[in-house]
Amino acid sequence: MKVDDINKICVIGAGNMGHQIALCAALAGYQVVCTDISQEMLNKAEDFARNYLPERVAKGKLTQEQADRAILKLRFTQNLEDAAGDADFVIEAAIEKIEIKRKLFADLDRITPPHAILATNSSFIVSSKVASATQRPAKVCNMHFFNPALVMKLVEVVQGPHTSLETAQITMDLCTKLDKNGVWLKKEIYGFLVNRILAAISYEALFLADVGIASPEEIDFAVTNALGHPMGPFRLLDFTGIDLTYHISLEHYQETCDPKDKPSPLIVEKFAKGEWGRKTKQGFYTYE
Ligand code: 3HC
């Protein structure tokens, strides 16, 4: 199989990442079906696409023809069989819970044609954890986008010990087709490159706030002004979703049982209050 044999892409999950990955692929000319267990999420994703495309046209970033073509290429359905049945490439962007992902990969293995590549957009989980739920581990890898996926250029492609060279190469080539810059990691590691670095920054920022050295606002102010990051660590936590950070930290802590991996008290508190960041209009900051 070659990248040019990919016609249809299935995106699993219409959340923070999935809805934009699906639109990216439709804009690149692929037939895309985005699926989610929640009809509400699918409706939101479709509304986003229907608002975003005319905005891009109005801004002069897309032609009307490109926008019309993209919307025709994009379909949303709750039915996994319908979404993945004839997919050549699947990008799973479901919740960061390993058991849910393993079940999905087992289902995808049953549903998709044998040639299909199954990639996970997991933020931290290495693909060997899901490849073992399939009969086609050589066709499983990580393909990790960054939020907002329509804007951020980097995609990490992680080749696990089970991933064939062909699968990793096709996934890298697909990044190029999607107008992304792929970086190829030839070994698996929890969190890959960028999220390991980001986690180190968030860990320290949360520690400093937890022990009262400075407030989230002050820490963000310091980081943006001193390091030139577009967002400080707390604004970024709000942006990517405090629920995501909570689930990732908890999964990791349950695996390592290392006290240093225990979710930060601030994250636990925000999660319990339902203050998950931008998506709930309240996190470390309040959003209109
Ligand atoms: N969705 C789609 N496009 C968006 C967007 C969104 N949520 N927010 C902004 N944009 C687009 C705008 O349309 C604009 O596009 P244009 O220049 O082509 O017209 C461009 O981004 C710049 O937008 P703005 O001028 O409104 O705002 P900013 O200049 O402040 O940029 C930002 C917004 C791009 C989000 C910028 O603040 C940024 O880069 N922040 C850091 C993002 C980051 O670090 N991402 C990685 C997170 S970690 C991660 O994703 C890992 C994962 O595993 C969770």
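Residues numbered from 1 in each chain as written. Predicted model: local features only at pLDDT ≥ 70, side-chain atom pairs only at ≥ 80, totals over all residues. Heavy atoms only, no water.

Give me the overall build of the chain: which residues, what numbers.
For the chain, the count of helices and strands is 12 helices and eight strands. A compact globule built from 288 residues would reach a C-alpha radius of gyration of about 19 Å, and the chain, at 19 Å, matches this within 12%. Its C-alpha atoms put the chain at 55 × 45 × 35 Å along the principal axes. Relative to its full complement of 288 residues, the chain shows a buried share of 50%. When contacts within the chain are restricted to residue pairs at least 6 apart in sequence, those whose partners lie at least 24 apart make up 67%. Element-wise, carbon and sulfur atoms account for 56% of the exposed surface of the chain, whose accessible area totals about 13900 Å². (Helix = DSSP H or I, 4+ residues; strand = E, 2+ residues; numbered from the N terminus. Rg over C-alpha atoms; globule rule 2.2 N^0.38 Å. Buried < 20%, exposed > 50% of the residue type's maximum accessible area, 1.4 Å probe, protein only. Contact = heavy atoms within 4.5 Å. Areas by Shrake-Rupley, 256 points an atom, 1.4 Å probe, with all protein chains shown as cover.)

Which residues make up the site of the ligand, and what values do they have?
In the vicinity of the ligand there are 19 residues, among which Arg 56, Lys 59, Ser 123, His 144 and Asn 147 approach most closely. Taking Lys 59, its side chain carries an N or O atom lying 2.6 Å from an oxygen atom of the ligand. The contact in question runs from a nitrogen atom of the ligand to an N or O atom on the backbone of Asn 147, over 2.7 Å. A total of 1000 Å² of accessible area belongs to the ligand in isolation, and the protein chains cover 64% of it. Of all the elements in the fold, those that place two or more residues in the shell around the ligand are helix H8 (194–210) and helix H10 (233–240). Counting residues per element, the shell around the ligand draws most heavily on H10, which supplies three residues. Of the residues in the shell around the ligand, the class split is 10 nonpolar, six polar and three charged. Residue-level mapping places the shell around the ligand at the junction of two domains, with at least three residues from each of domain 1 (3–185) and domain 2 (194–280). (Near = heavy atom within 4 Å. Polar contact = N/O pair within 3.5 Å; in protein donor to acceptor, adjacent residues only side chain to side chain. Nonpolar A, V, L, I, M, F, W, Y, C, P; charged D, E, K, R; others polar. Domains from an automatic or database assignment.)

Give me the sheet that holds strand S5 (residues 117–120): which residues, what numbers.
A sheet is described by the order of its strands in space; here eight strands give the open sequence S3-S2-S1-S4-S5-S6-S7-S8, paired in mixed fashion. Strands with a single pairing partner mark the edges of an open sheet, and in this sheet they are strand S3 (74–77) and strand S8 (181–185). Between one strand and the next, the sheet's axes are offset by a mean angle of 25°, whatever the strand orientation. As judged from the four bridges shared by strand S1 (residues 8–12) and strand S4 (residues 89–92), these two strands associate in the parallel manner. When the sheet's bridge partners are listed, Val 11 is paired in S4 with Ile 91. (Pairing = 2+ DSSP bridges. Axes fitted to C-alpha atoms, helices over the stretch in contact; angles between N-to-C directions.)

Mind laying out the side chain of Thr 167, listing which residues take part and the relevant values?
In this fold, Thr 167 is placed in helix H7 (residues 165–177). Judged by relative accessible area, Thr 167 falls into the buried class, the value being 1%. From its side chain, Thr 167 meets the backbone oxygen of Ala 138 in a polar contact 2.7 Å long.

Before we move on, could you go through the domain arrangement of the chain and cite the residues and values that matter?
For interface size, the figure often reported is the accessible area lost on association. Domain boundaries in the chain define domain 1 (3–185) and domain 2 (194–280). Measuring from the centre of the C-alpha atoms in domain 1 to the corresponding centre in domain 2 gives 26 Å. Contact residues are listed per partner, giving 14 residues for domain 1 and 12 residues for domain 2. Counting every contact that joins domain 1 to domain 2 gives one salt bridge. The salt bridge partner of Lys 129 is Glu 255, with a shortest N-O separation of 3.2 Å. Summed over the shared surface of domain 1 and domain 2, the number is four residue pairs in polar contact (both at pLDDT 80 or more). (Salt bridge = Lys/Arg side-chain N within 4 Å of Asp/Glu carboxyl O.)

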